[in-house]
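Structural overview
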Amino acid sequence: MSSAGRKPLYDTSKPPVDESAMKLGVAYNVFDGEELLLDSIRSIKPNVDFICVVYQTVSNFGNPSHPKLVDRLNHLVALGLVDE
């Protein structure tokens, strides 16, 4: 049986990509080691569009984070270094 005239199962054509709409974001996952976060963010901030920090105050093993972790992260947001 000939496949002439058949419609392809999947559409392989791709719409044009508007590269000006593309953005680069970075996410940090923090539980400890937040003393390294400020310098790391400062080193990449000029090259990215968006920085997100995800954190937890209790580890997977039940250990608490540094008592000032949330305050330090809020300070980075106040400085405009972290977007979310």
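Residues numbered from 1 in each chain as written. Predicted model: local features only at pLDDT ≥ 70, side-chain atom pairs only at ≥ 80, totals over all residues. Heavy atoms only, no water.

Quick notes on the overall build of the chain
Of regular secondary structure, the chain possesses two helices and two strands. With respect to the principal axes defined by its C-alpha atoms, the chain has extents near 70 × 35 × 15 Å. Scored against the burial criterion, the 84 residues of the chain give a buried share of 19%. Sequence separation of at least 24 residues holds for 66% of the intrachain contacts in the chain that already meet a minimum separation of 6. When the accessible surface of the chain is summed, it comes to about 7,000 Å², and 55% of that surface belongs to carbon and sulfur atoms. The averaged location of the 11 negative side-chain charges in the chain is 7 Å from the averaged location of its 8 positive side-chain charges. (Helix = DSSP H or I, 4+ residues; strand = E, 2+ residues; numbered from the N terminus. Buried < 20%, exposed > 50% of the residue type's maximum accessible area, 1.4 Å probe, protein only. Contact = heavy atoms within 4.5 Å. Areas by Shrake-Rupley, 256 points an atom, 1.4 Å probe, with all protein chains shown as cover. Lys, Arg positive; Asp, Glu negative; His and termini not counted. Charge placed at Lys NZ, Arg CZ, Asp CG, Glu CD.)

Points about the nonpolar core
By size, the foremost hydrophobic cluster in this structure holds twelve residues: Y28, V30, L37, I41, V48, I51, V53, L69, L73, L76, L81 and V82. In terms of residue count, the dominant contributor to this core is helix α2 (residues 69–78) (three residues). Not counting the four nearest positions on each side in its chain, V82 is found in contact with I41, I51, V53, L76 and V77. (Core = buried A, V, L, I, M, F, W, Y, C linked by side-chain atoms within 4.5 Å.)

Re the environment of V70
Tracing the backbone through its elements, the reader meets V70 in helix α2. Linking V70 and Q56, residues 14 residues apart in sequence, is a C-alpha distance of 9.2 Å. If we ignore the near neighbours within four places in the chain, the residues touching V70 are Y55 and T57.

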